[in-house]
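# Structural overview for review
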Amino acid sequence: MSVSVSTIRPPQSPARRALSAFLAHKLAMFGLLVVLVFVAGAVFAPYLAGADPIATSWSAIRKAPSAAHWFGTDENGRDVFARVLFGARASLAAGVIAVGGALLIGVPFGLIAGLAGGWVDAVISRVADAMLAVPFLILAIALAAFLGPALENAMLAIAISASPIFTRLARGMVQDAASQDYVEAARAMGNPPWRTAILHILPNIAPSLLVQATLSIAEAIIAEASLSFLGLGQQPPAPSWGSMLNSAQRFIENAPWLAIFPGGAIFILVLALNLVGDGLRDAMDPRAAKR
Amino acid sequence: MTEYALELAGIRRHFPVRDALGRPRGAVRAVDGVSLRVAPGEVLAIVGESGCGKSTLGRLALRLLEPDDGQVQVLGQEWTTLSPRALRAARRDAQMIFQDPFASLDPRMTVAAAIEEPLILHTKLSRAERAKRVAELLARVGLRPETAVRYPHEFSGGQRQRIAIARAIASNPRIVIGDEPVSALDVSVQAQVLNLLMDLIREMELAFILISHDLGVVRHVAGRVAVMYLGRIVEEGPAAEIFAAPAHPYTRALLAAVPGQGHIQAEPIQGEMPSPIAPPSGCRFHTRCPYAVARCSVDSPELLGAAHKVACHLAGELPAAAPFAEAHTGGERLSRLAAHFHREEA
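The rules we used
Residues numbered from 1 in each chain as written. Chains lettered and ligands numbered in written order. Predicted model: local features only at pLDDT ≥ 70, side-chain atom pairs only at ≥ 80, totals over all residues. Heavy atoms only, no water. Helix = DSSP H or I, 4+ residues; strand = E, 2+ residues; numbered from the N terminus. Buried < 20%, exposed > 50% of the residue type's maximum accessible area, 1.4 Å probe, protein only. Contact = heavy atoms within 4.5 Å. Areas by Shrake-Rupley, 256 points an atom, 1.4 Å probe, with all protein chains shown as cover. Expected span 1.5 Å × (residues − 1). Arc of directions from axis to C-beta. Salt bridge = Lys/Arg side-chain N within 4 Å of Asp/Glu carboxyl O. Pairing = 2+ DSSP bridges. Core = buried A, V, L, I, M, F, W, Y, C linked by side-chain atoms within 4.5 Å. Buried area = accessible area lost by both parts, 1.4 Å probe. Nonpolar A, V, L, I, M, F, W, Y, C, P; charged D, E, K, R; others polar. 1 Å grid on protein atoms, 1.4 Å probe; cavity = no way out; pocket = protein on both sides within 12 Å on 5 of 7 lines; lining within 4 Å. Points joined across faces, edges and corners; volume = space filled by probe spheres on them. Phe/Tyr/Trp six-rings, centres within 6.5 Å; stacked < 30°, edge-to-face > 60°. Lys NZ or Arg CZ within 6 Å of the ring centre and 35° of its normal. Right-handed = clockwise from strand over helix to strand, strands pointing away. Axes fitted to C-alpha atoms, helices over the stretch in contact; angles between N-to-C directions. Left-handed = near helix turned anticlockwise from the far one by under 90°. pLDDT = per-residue confidence, 0-100. Polar contact = N/O pair within 3.5 Å; in protein donor to acceptor, adjacent residues only side chain to side chain.

Okay, the overall build of chain B next. The helix and strand tally for chain B stands at ten helices and eleven strands. Out of the 346 residues in chain B, the part that is buried amounts to 55%. A separation of at least 24 residues holds for 68% of the contacts in chain B among residues at least 6 apart in sequence. Summing over all exposed atoms, chain B offers an accessible surface of approximately 14500 Å²; the carbon and sulfur share of this is 52%.

All names here are of chain B. Taking 1.5 Å of rise per residue, the 14 residues of helix H4 (residues 127-140) would be expected to cover 20 Å, and the 20 Å separating its terminal C-alpha atoms lies within 8% of that figure. Along H4, the positions that sit buried rather than exposed are Arg130, Arg133, Val134, Leu137 and Leu138. On an axial view of H4, the arc spanned by its buried residues comes to 140°, and they lie on one face. In H4, the exposed residues that point more than 90 degrees away from the buried face are Ala128 and Lys132.

Right, let's talk about the pattern of salt bridges for a bit. All names here are of chain B. Evaluated as defined, the whole model comprises 28 salt bridges over all chains. With a closest N to O distance of 2.3 Å, Glu236 and Arg224 form a salt bridge. Remark: Arg224 occurs in strand E9 (residues 224-229) and Glu236 occurs in strand E10 (residues 232-238); sequence separation between them is twelve residues. The two residues Glu236 and Arg224 agree in class, both being buried. Several salt bridges converge on common partners, so that one network encompasses Arg12, Arg29, Asp32, Asp69, Arg232 and Arg284.

Another point: the sheet that holds strand E7 (residues 175-179) of chain B. Pairing between the strands of a sheet is mediated by backbone hydrogen bonds and can be parallel or antiparallel. Taken in spatial order, the seven strands make up an open sheet running E6-E7-E8-E3-E9-E10-E11 (chain B), and their pairing is mixed. Where the open sheet ends on each side, the last strands, each with one partner, are strand E6 (94-97) and strand E11 (309-310) of chain B.

Core analysis: the biggest nonpolar cluster contains 65 residues, and Val47(B), Ile115(B), Ile165(B), Phe208(B), Val218(B) and Val225(B) have the highest contact counts within it. Examining the composition of this core, we find that nine residues originate from one element, helix H6 (residues 187-204) of chain B, more than from any other. By size, the runner-up hydrophobic cluster in this structure holds 60 residues, among which are Val34(A), Val107(A), Leu273(A) and Val276(A).

In this complex, chain A contributes 32 residues to the contact, which on the side of chain B involves 36 residues. Across the interface of chain A and chain B, roughly 3200 Å² is buried in total on both sides, 56% from carbon and sulfur atoms. Linking chain A with chain B are two salt bridges. When residues of the side of chain A that touches chain B are traced back to their parent elements, those giving at least two are helix H1 (14-23), helix H8 (181-189) and helix H9 (193-229) of chain A. Residue composition of the side of chain A that touches chain B, grouped by class: 16 nonpolar, ten polar and six charged.

Here the focus is the layout of surface pockets. Looking at the second largest pocket, its volume works out to about 460 Å³. Around the second largest pocket, the lining is made up of 17 residues, and of these Val183(A), Arg187(A), Asn191(A), Pro193(A) and Thr196(A) lie nearest the centre. Counting only elements with at least two residues in the lining of the second largest pocket, the list comes to helix H4 (80-116), H8 and H9 of chain A together with helix H2 (84-90) of chain B. Ranked by residue count, the leading element in the lining of the second largest pocket is H9(A), at four residues. Looking at the lining of the second largest pocket, its residues break down into eight nonpolar, three polar and six charged.

Turning next to the packing of aromatic side chains. Counted according to the given criterion, the structure contains seven aromatic pairs over all chains. Considering the side-chain rings of Trp70(A) and Phe81(A), the 5.1 Å spacing of their centres and the 50° angle between planes classify their relative orientation as tilted. Of this pair, Trp70(A) sits in the loop between helix H3 (45-48) and H4 while Phe81(A) sits in helix H4; the two residues are eleven residues apart in sequence, bridging distant segments of the chain. The exposure class assigned to Phe81(A) is buried, which follows from its relative accessible area of 16%. Here Phe71(A) and Phe81(A) contribute two aromatic rings whose centre-to-centre distance is 5.0 Å and whose plane-to-plane angle is 85°, an arrangement assigned as edge-to-face. Of this pair, Phe71(A) sits in the loop between H3 and H4 while Phe81(A) sits in helix H4, and the two are ten residues apart along the sequence. Ring pairs connect the aromatic residues Trp70(A), Phe71(A), Phe81(A) and Phe261(A), which therefore count as one cluster. Above the face of the Phe243(B) ring, Arg219(B) is positioned so that its terminal group lies 5.1 Å from the ring centre.

Residue and element names in this part refer to chain B. With respect to the secondary-structure elements, Leu314 resides in the loop between E11 and helix H10 (330-340). For the pair formed by Leu314 and Arg295, sequence separation is 19 residues and the distance between their alpha carbons is 9.9 Å. Among all residues touching Leu314, those that are not within four sequence positions of it are Tyr291 and Val293.

All names here are of chain B. Most of strand E8 (residues 207-212) is tucked away, with six of its six residues classed as buried. Residue alternation in E8 divides its side chains into two sets, Ala207, Ile209 and Ile211 and Phe208, Leu210 and Ser212, and both sets are buried. In terms of handedness, the path from E7 via H6 over to E8 forms a crossover that is right-handed.

Before going further, it helps to examine the packing of helix H3 (residues 111-122) of chain B against H4(B). Residue and element names in this part refer to chain B. In contact at an axis separation of 9 Å, H3 and H4 are set at 115° when each is read in the N-to-C sense. Where H3 crosses over H4, the two elements pack in a sense that is right-handed. Taking contact as the criterion, the partners of Val111, Ala112, Ile115, Glu116, Leu119 and Ile120 in H3 are, on H4, Arg130, Arg133, Val134, Leu137 and Leu138. Looking at side-chain class alone, the contact of H3 with H4 contains eight nonpolar, no polar and three charged residues.

Next up on the list: the confidence of the model for chain B. Confidence in the prediction for chain B averages 87 pLDDT; 89% of positions are at 70 or higher. Predicted complex, confidence summary: ipTM 0.83, pTM 0.79.

Turning our eyes to something else, we now look at the side chain of Gln95(B). Tracing the chain through its elements places Gln95(B) in strand E6. Polar contacts involving the side chain of Gln95(B) include one to the main-chain carbonyl oxygen of Arg91(B), which spans 2.9 Å. Non-local contacts of Gln95(B), meaning those with residues more than four positions away in its chain, are made with Ala188(A), Met189(A), Leu62(B), Ala168(B), Ser171(B), Pro173(B), Ile175(B), Val176(B) and Ile177(B).

On to the sheet that holds strand E4 (residues 69-74) of chain B, then. Residue and element names in this part refer to chain B. Ordered in space as E2-E1-E4-E5, the four strands form an open sheet in which the pairing is antiparallel. Edge strands, defined here as strands with exactly one partner in the open sheet, are strand E2 (24-38) and strand E5 (77-78). Both strand E1 (residues 6-18) and E4 contribute to a ladder of five bridges, which runs antiparallel. Across the sheet, the residue bridging to Glu7 is Gln73, located in E4. Across the face of the sheet, helix H1 (residues 54-61) comes into contact with E1, E2 and E4 while running at roughly 120° to E1.

This is the structure in structure tokens:
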């Protein structure tokens, strides 16, 4: 007897299949390219900037973009291009670290709630609901104000505010996975509960968590910019897109480049991250697998 | 007395139904007092309409659901009182094949990992010995051993069900319960998978419980048949007798409803199956029974008889039903298809 599956083609794990679907997703690839440009800009900022982001110059105050200052200069004569590049460091670090923290806080609670059920689930879910009832930014602002103005505190505030999303998602996914036939089959086979959870449930919910994490990085970047705009994030004179926007407010009419470049940077990076997240979601959706 | 592979006594399971405020509003009587015995090497089919409780019964028999009442004995061992740890070890002897092979295999596990799992859980085989056994099992179910490195989505439905069968027999169980094991497959593939199951049952002397609504499939494989209606068994006996001389009006109606089967003379039954939350009084079938008399709505009939048992007050008094015409059964259709497709694999 033989089977129709070709033996020449290598076995396709779901991860490999998702990766090839993702690589074929043009918008997502474009988004990923843009994100990588931002990451490269942040990493190599000292070499690319061509100017010190905090060095002031009284002879170059609010100069329009030119060959010498591509993005112009600000009210203290600092090079806006250099500040946007260095500001990308704060934004990307805040996005990645805050979401990493949110995963670390949120996912374990979600797994416990989904697997344990009963009053444990009720307590964890109600706390998560209460946190989700408060708008994300308001909660982050309140926490950041409570912790004190600093970039690290802003990250922590964002991580805590974003964590209930992961708790809810992980809980729902665990419950959904637990009702699948393959989990019942695992039980019928004689698997202990912990083995079922680690071997059968976790690998099946990981892709959804990854998609949500990507989209949450975009939200966290906006949150960091908002906190910095309010003076609760990156502290001056260190550059941050949010604080740059804040000081640009006063000069919006005669020096619009002060707002356009950091604002555009936020817009483009967040859009690109959303494209990547959507692409990941499409690539990992089993219903979109066959096309 | 011979030891039965599986013995159910008075199994009962009700699912509470709650209203919007969480107050109990009654219970779905999914399985309401079922007793069955299956001997080693015997194929018992449990048939009935959707919602009659046959799948719940299968899960109760393996304690995938906890019964509210009643006993489950597997190879003479009482399962209802086993500790979780002892139950997990005992599962080696009783395995299950699920209806949907697209859902019952973990999509993120290779075929080898899936079939190896029962070996890891229930044997002390080394890694190399397990790999060898996986290859043997794959060959036994008609798949090439090289396919072990692949993932479930790379296979057709029939192939996946073969993988699920290999997994179910990996631990050398004595009992296998198949919950509609071929219903999700194409008819041509159904025959092949059924033939594989029959071969394995013979070779391994398995006790097999086939849960199915497809009487053609049942006719093809079952030695004994139990007919379920609203959580209870209404008729049970040797398959040949049930198909030749169905005694219960419900069994007759079921047989008469088999497509392409115009010979059996049964009074048509009306209406839908009543809600299992509020089953009818007396005989549960009396609301749809063309022969019902006054007594049927009061007294609940016992399942009586020796080899061929019927739960009907009028058993023996009903007009004889014409036999289930062999030439038109689904079993015949399946046999022809099996011959036709014998060399073509899925």
